[in-house]
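# Residue-level structural notes
So you can see what is in the structure, the chains are spelled out below.
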Number of protein chains: 2
Amino acid sequence: MKLDFSVAVHSILYLDAHRPNKVSSRELAQSLNLNPVMIRNILSVLHKQGYLIGTVGKNGGYQLGKDLAAMNLGDLYDLTIPPTLSYARFITGPSKTDEQAGHSPIAANISETLTDLFTVADRQYRDYYHQFTMADLREDLHHHGYFLAREAHLES
Amino acid sequence: MKLDFSVAVHSILYLDAHRPNKVSSRELAQSLNLNPVMIRNILSVLHKQGYLIGTVGKNGGYQLGKDLAAMNLGDLYDLTIPPTLSYARFITGPSKTDEQAGHSPIAANISETLTDLFTVADRQYRDYYHQFTMADLREDLHHHGYFLAREAHLES
């Protein structure tokens, strides 16, 4: 879910701004205005992958495990929003288990064609995020317009 | 909804394969294995935009209004899946109407930063579809691998 990515990014920026303090998941949840359970699930994934260090519980708290410049935005996107493996629900035509005879050649083939189209589009979408690190995001946070200026520069 | 795009694309390919016949929305719905009401809504949009000609009703039916090569895939994508104007539900932090004091500078600024990031990413995603026409899609339908080969070519 796209919100998971936002939560991860927001949490990392918060921890970066509060270095070298330990920050509890409760404090993060308050700052993000979200349910602590949801935050904890995402923090747990980030912790497992080495983005965060620290422990939960009494006197617990999280700190960043590396610099923002060492955190690729595309890696975070892939981690929190795994690639869709199947586009089946977006594709028309009979299902593979549908034994009905007389399907048109289009219905028989469109699933593969649309899956390829969506898959390549999704890979290129993810490539966009992979161009950046969390340091770029922090840059835009402090000086809005970084991402828009970069897009304008690429198009000119 | 992404399914709307698939329905539009599938319907156009079906009409192309059945030139110069008129095809009823009922026949299309059967071939796409979908609810006729859903098909009709999308056919109505395509008709209004000139992709289809024809009439609904007794002796009615649709035909294509132009060649597949004159139908840009990105235009069809934008028509059936309009750009998301607001990413609000994917963004963390307090809402603008939230008067609570003491928000962190991150919470106050992240909405704009993430909206820019998602907006540019979405525009580049749509650019991918704009490279192709419906003739390319028909090409892949008859010779699977067109989109994958093109991606491999661009990366090499």
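Residues numbered from 1 in each chain as written. Chains lettered and ligands numbered in written order. Predicted model: local features only at pLDDT ≥ 70, side-chain atom pairs only at ≥ 80, totals over all residues. Heavy atoms only, no water.

In the nomenclature of an unreviewed UniProt entry, chain A corresponds to Transcriptional regulator from the organism Lactiplantibacillus garii.

### What about the relation of the copies chain B and chain A?
Threshold: Least-squares fitting of one copy onto the other uses the C-alpha atoms of those residues that reach a pLDDT of at least 70 in both copies. We call two residues contacting when some pair of their heavy atoms lies within 4.5 Å.
Mapping chain B onto chain A calls for a rotation angle of 180° and an axial translation of 0.0 Å; the resulting RMSD is 0.0 Å. Overall, the copies show the geometry of a two-fold rotation axis. Taking C-alpha positions as reference, the residue of chain B nearest the rotation axis is B:Y125, located at 2.7 Å. In this assembly, 100% of the residues forming the interface of chain B have copies in chain A that are likewise at the interface, indicating an isologous arrangement.

### Description of the packing of aromatic side chains
Residues and elements named next belong to chain A. Note the threshold: Aromatic pairing here means that ring centres of Phe, Tyr or Trp (its six-membered ring) are within 6.5 Å. Orientation follows from the plane angle: under 30 degrees is stacked, over 60 is edge-to-face, and everything else is tilted. Strands here mean DSSP runs of E at least two residues long; helices mean DSSP runs of H or I at least four residues long; both are numbered from the N terminus. Classification of residues uses two cut-offs on accessible area relative to the type maximum, computed with a 1.4 Å probe and protein chains only: under 20% is buried, over 50% is exposed, and between them is partly exposed.
As enumerated under the stated definition, the model contains 23 aromatic pairs over all chains in all. For the pair F132 and F147, a centre-to-centre distance of 5.0 Å together with 85° between the ring planes defines the contact as edge-to-face. Of the two residues, F132 is situated in the loop between α5 (105-130) and α6 (134-142) and F147 in helix α7 (residues 146-155); the sequence distance between them amounts to 15 residues. Taking relative accessible area as the criterion, F132 reaches 1% and is therefore assigned buried.

### Structural notes on the packing of helix α4 (residues 73-80) of chain B against helix α5 (residues 105-130) of chain B
The description of two helices packed together rests on the angle between their axes and the distance between the axes. Residues and elements named next belong to chain B. Rules: Structural elements are reduced to axes, namely lines fitted to C-alpha atoms, with helices fitted over the stretch in contact, and the angle between N-to-C directions of any two is expressed from 0 to 180 degrees. We call two directions roughly parallel when the angle between them is under 35 degrees, roughly antiparallel when it is over 145, roughly perpendicular when it lies between 65 and 115, and oblique otherwise.
Look at α4 against α5: their axes get within 6 Å of each other, and the N-to-C directions meet at 130°. In terms of orientation, α4 lies oblique with respect to α5. Facing α4, whose interface residues are L73, G74, D75, Y77 and D78, α5 presents Y125, R126, Y129 and H130.

### Some details on the interface of chain B and chain A
Where we set the bar: Summed over both partners, the accessible area (1.4 Å probe) lost when two parts come together is defined as the buried area. Any Lys or Arg side-chain nitrogen located within 4 Å of an Asp or Glu carboxyl oxygen qualifies as a salt bridge. Charged means Asp, Glu, Lys or Arg here, nonpolar means Ala, Val, Leu, Ile, Met, Phe, Trp, Tyr, Cys or Pro, and polar covers whatever is left, Gly included.
Between chain B and chain A, the contact holds 51 residues from the first and 51 residues from the second. Contact between chain B and chain A buries roughly 4,600 Å² in total, counting both sides, with carbon and sulfur atoms accounting for 68%. The interface formed by chain B and chain A includes two salt bridges. A salt bridge links A:R123 to B:E151; the shortest N-O distance between them is 2.8 Å. Those elements that provide at least two residues to the side of chain B that touches chain A are α1 (2-17), α2 (25-32), α5, α6 (134-142) and α7 (146-155) of chain B. Per-element accounting of the side of chain B that touches chain A gives the leading share, 18 residues, to α5(B). Here the side of chain B that touches chain A is built from residues that sort into 30 nonpolar, 12 polar and nine charged.

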